[in-house]
Amino acid sequence: MKNIAVIGAGTMGNGIAHVFAQNGFNVNLIDISQASLDKGVATITKNLDRMLSKEVIDEAKKTATLSNISTYTEMAKGVADVDLVVEAATENLDIKLQIFKDLDAVCTAETVLATNTSSISITQIAAATNRPEKVIGMHFMNPVPIMKLVEIIRGYSTSDEVTTTIMELSKQLGKTPTEVNDYPGFVANRILMPMINEAIETLFNGVAGVNEIDTVMKLGMAHPMGPLLLADFIGLDVCLSILNVMYDGFKNPKYAPCPLLVNMVMAGKLGVKSGEGFYDYSESRKAEKVSSQFN
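In this text the structure is predicted, and so the values were computed from the model without any measurement. (Residues numbered from 1 in each chain as written. Predicted model: local features only at pLDDT ≥ 70, side-chain atom pairs only at ≥ 80, totals over all residues. Heavy atoms only, no water.)

Chemist: Talk me through the packing of helix H8 (residues 188–204) against helix H9 (residues 210–221); I want residue IDs and the actual numbers.
Modeler: Their axes nearest at 10 Å, the elements H8 and H9 cross at an angle of 140°. The angle between H8 and H9 places the two elements in the oblique class. Note on packing geometry: the crossing formed by H8 with H9 is right-handed. Taken together, the residues of H9 that come into contact with H8 (itself represented by Met195, Ala199, Thr202 and Leu203) are Val210, Ile213 and Met217. Classifying every residue of the contact of H8 with H9 gives six nonpolar, one polar and no charged. (Axes fitted to C-alpha atoms, helices over the stretch in contact; angles between N-to-C directions. Helix = DSSP H or I, 4+ residues; strand = E, 2+ residues; numbered from the N terminus. Parallel < 35°, antiparallel > 145°, perpendicular 65-115°, else oblique. Left-handed = near helix turned anticlockwise from the far one by under 90°. Contact = heavy atoms within 4.5 Å. Nonpolar A, V, L, I, M, F, W, Y, C, P; charged D, E, K, R; others polar.)

Dropping the structure here:
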């Protein structure tokens, strides 16, 4: 595999494009919005500059990485003749099903289709295509250029050959691929999201405040940041979506989202992306102050 297409230029999509391009792959970054593509490339450039300042890469590597990335607003053009498509669109089942149906129609028969979904069934996504054996989950962790783990999720029909190929490909990116089975939330979010939800319940029930809860988990459990701050960085809407997928999938009340989380999302308090969540990011200095406490 040499030619890769990434669907979605948001936080995960531009991070995935970054790591493929930095490791010598030709990357077509695709989004319906040119503004989103421009923002995505700007983010990649900023992250490369940070790596350059820390002497992790040199100027030649930065230039080569950016030259490996092309942008497209038309999906059919961007996925023509690629070996692998990695979908990193919004965590919404209907959107993903439509994307995979469209990809199946325009990609070559040999193209492998991967999704970066953090919770949705790979089997269900694969069923929207005529190539379920070539559909697989590649769940990267955020921030993609830094985090080593990639959850590799086999759908019911994913072939051994495709699984082996994607495991080896992940290693070429300097990642540690870990194969897991196709159940709601997989492993990472099946464990992480109930913890975040319980932290929100603890706040909701008045046991302690935001800073106090995060301090206990950071200093008492050696977490790099508290669960409420982490939820803000993930996006409270994303947390809610994942919890709903697990609640619907398992029919177990322990996955039911806390009412406070539901209300915050309905009110548009989504965390960093909206400027306010459990912490206030409306002023850059406030955001920097909050972040510095957990770095």
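So much for the structure itself; the text now carries on.
Chemist: Please give an account of helix H11 (residues 236–250) that cites residues and values.
Modeler: Between its first and last C-alpha atoms H11 spans 21 Å; for 15 residues at 1.5 Å apiece the expected length is 21 Å, and the two agree. Restricting attention to buried positions, one finds in H11 the residues Leu236, Cys239, Leu240, Ser241, Ile242, Leu243 and Met246. Where H11 is buried, its residues touch H8, helix H10 (227–234) and helix H12 (259–266). One or two steps after H11, the chain reaches lysine 251, where phi turns positive at roughly 55°. (Expected span 1.5 Å × (residues − 1). Buried < 20%, exposed > 50% of the residue type's maximum accessible area, 1.4 Å probe, protein only.)

Chemist: Tell me what's going on with the domain arrangement of the chain, and back it up with residues and numbers.
Modeler: Taken domain by domain, the chain comprises domain 1 (3–181) and domain 2 (190–289). Domain 1 and domain 2 are separated by 26 Å when their C-alpha centres are compared. (Domains from an automatic or database assignment.)

Chemist: Could you give an account of the UniProt feature "binding site: NAD(+)" (unreviewed entry) in the chain, with specific residues and numbers?
Modeler: The positions UniProt marks with the feature "binding site: NAD(+)" (unreviewed entry) are Gly8, Ala9, Gly10, Thr11, Met12, Gly13, Asp31, Glu91, Lys96, Ser118, Asn142 and Lys273. Position of methionine 12 among the secondary structure elements: in helix H1 (residues 11–22). Exposure remark for methionine 12: the relative accessible area of 18% places this residue in the buried category. What methionine 12 contacts, discounting residues up to four positions off in sequence, is Ala88, Asn116, Phe140, Met141, Asn142 and Val144. If you trace the backbone, aspartate 31 turns up in the loop between strand S2 (26–30) and helix H2 (34–53). We classify aspartate 31 as buried; its relative accessible area is 15%. Of note is the side chain of aspartate 31, whose polar atom sits 3.0 Å from the backbone nitrogen of alanine 9. (UniProt positions renumbered as here; feature names shortened; annotations may be inferred. Polar contact = N/O pair within 3.5 Å; in protein donor to acceptor, adjacent residues only side chain to side chain.)

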